[in-house]
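Notes for the structure review
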Amino acid sequence: MDIELADLLASLRSEINRARLEAHNQDVKFRIDSIDLELQVAVEKSAEANAGVRFWVVSLGGKGSAKSAQTHTVKISLTAETDTGELVRTSDDVSGLLATN
């Protein structure tokens, strides 16, 4: 199963946010300074007028080896920041984000 690069990054963002919420009352804090991803991607260029170029992250299953000649390795380094530019801590005070009953 292949996944679009944009979907992978959206899932990663969601998982980081989930880790922040779940670690709300934890004593140990982890600051995310850097997230390094190394991905095998397939590049697809469509001849349609507005399709452009799409990147697919290739799974490591049996199909991945069959496509190895068409794949590229991409290394991405990310820094997790809040919307105010602060580094993310997986136990930030997120009480304002939690629904109150």
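Throughout, a residue's number is its position along its own chain's written sequence, starting from 1. Per-residue local features are limited, in this predicted model, to residues with pLDDT of at least 70; the limit for side-chain atom pairs, both in listing and counting, is 80 or more; totals at the level of whole chains, interfaces and linings are taken over all residues. Hydrogens are left out, water is left out, and the side-chain values use all remaining heavy atoms of the structure.

1. What about the overall build of the protein chain?
Secondary structure summary: the protein chain contains 2 helices and 4 strands in total. Along the protein chain, from the amino end to the carboxyl end, the secondary structure elements read β-α-β-β-α-β. Within the span of the protein chain, comprising 101 residues, buried residues form 21% of the whole. It only takes one pair of heavy atoms within 4.5 Å for two residues to be counted as in contact. Restricting to contacts in the protein chain with at least 6 residues of sequence separation, those with at least 24 account for 71%. All accessible-area figures derive from a Shrake-Rupley calculation using a 1.4 Å probe, and residue coverage is judged against the displayed protein chains alone. When the accessible area of the protein chain is evaluated, it comes to approximately 7,700 Å², of which 50% is carbon and sulfur surface. The way it works is that DSSP assigns letters per residue, a run of H or I at least four long becomes a helix, a run of E at least two long becomes a strand, and they are numbered from the N terminus. Each residue's exposure class comes from its accessible area (1.4 Å probe, protein chains only) as a fraction of the maximum for that residue type: buried when under 20%, exposed when over 50%, partly exposed otherwise.

2. Section: the environment of threonine 71
Summarising the element assignment, threonine 71 is placed in strand β4 (residues 71-78). The sequence separation of threonine 71 and tryptophan 56 amounts to 15 residues, and the corresponding C-alpha distance is 9.3 Å. Not counting residues up to four positions away in its chain, the partners in contact with threonine 71 are Gln40, Val41 and Val58.

3. Observations concerning the nonpolar core
What is meant by a nonpolar core is a set of buried Ala, Val, Leu, Ile, Met, Phe, Trp, Tyr and Cys residues, joined one to another through side-chain atoms within 4.5 Å. Of all hydrophobic cores here, the largest spans 11 residues; its members are Leu5, Ile16, Ile32, Ile35, Leu37, Leu39, Val41, Val57, Ile76, Ala80 and Val88. If you list the elements that add at least two residues to this core, you get α1 (5-22) and β2 (35-45). With 4 residues, β2 is the largest single contributor of residues to this core. Those residues in contact with valine 88, other than ones at most four positions away along the chain, are Ile16, Arg20, Phe30, Arg31, Ile32, Ala80, Glu81 and Thr82.

4. A few points about α1
Between its first and last C-alpha atoms α1 spans 26 Å; for 18 residues at 1.5 Å apiece the expected length is 26 Å, and the two agree. Buried residues of α1: Leu5, Ile16 and Arg20, and no others. The arc that holds every buried residue of α1, seen down its axis, measures 65°, which confines them to one face. Here a helix's expected span is defined as the number of its residues, less one, multiplied by 1.5 Å. The directions considered for the arc are those from the helix axis to the C-beta atoms.

5. What about the pattern of salt bridges?
Note on definitions: salt bridges are taken to be side-chain nitrogens of Lys or Arg within 4 Å of carboxyl oxygens of Asp or Glu. Summed over all chains, the structure comprises 3 salt bridges. A salt bridge links glutamate 15 to arginine 18; the nearest nitrogen and oxygen atoms lie 3.2 Å apart. In this pair, glutamate 15 and arginine 18 are both assigned in helix α1, 3 residues apart and thus about one turn of the helix distant. A salt bridge links arginine 31 to aspartate 33, with the nearest nitrogen and oxygen atoms 2.7 Å apart. According to the relative accessible area criterion, arginine 31 is partly exposed, its value standing at 43%. Look at aspartate 33 and you get partly exposed, because its relative accessible area is 39%.

6. Some words on the environment of leucine 9
Mapped onto the elements, leucine 9 comes out in helix α1. Residue classification places leucine 9 among the partly exposed positions, given a relative accessible area of 26%. Not counting the four nearest positions on each side in its chain, leucine 9 is found in contact with Leu37 and Leu78.

7. Some remarks on the environment of lysine 29
Relative to the helices and strands, lysine 29 is located in the loop between α1 and β2. Using a relative accessible area of 53% as the deciding quantity, one classes lysine 29 as exposed. Taking the C-alpha atoms as reference, lysine 29 lies 6.4 Å from arginine 89; in sequence the two are 60 residues apart.

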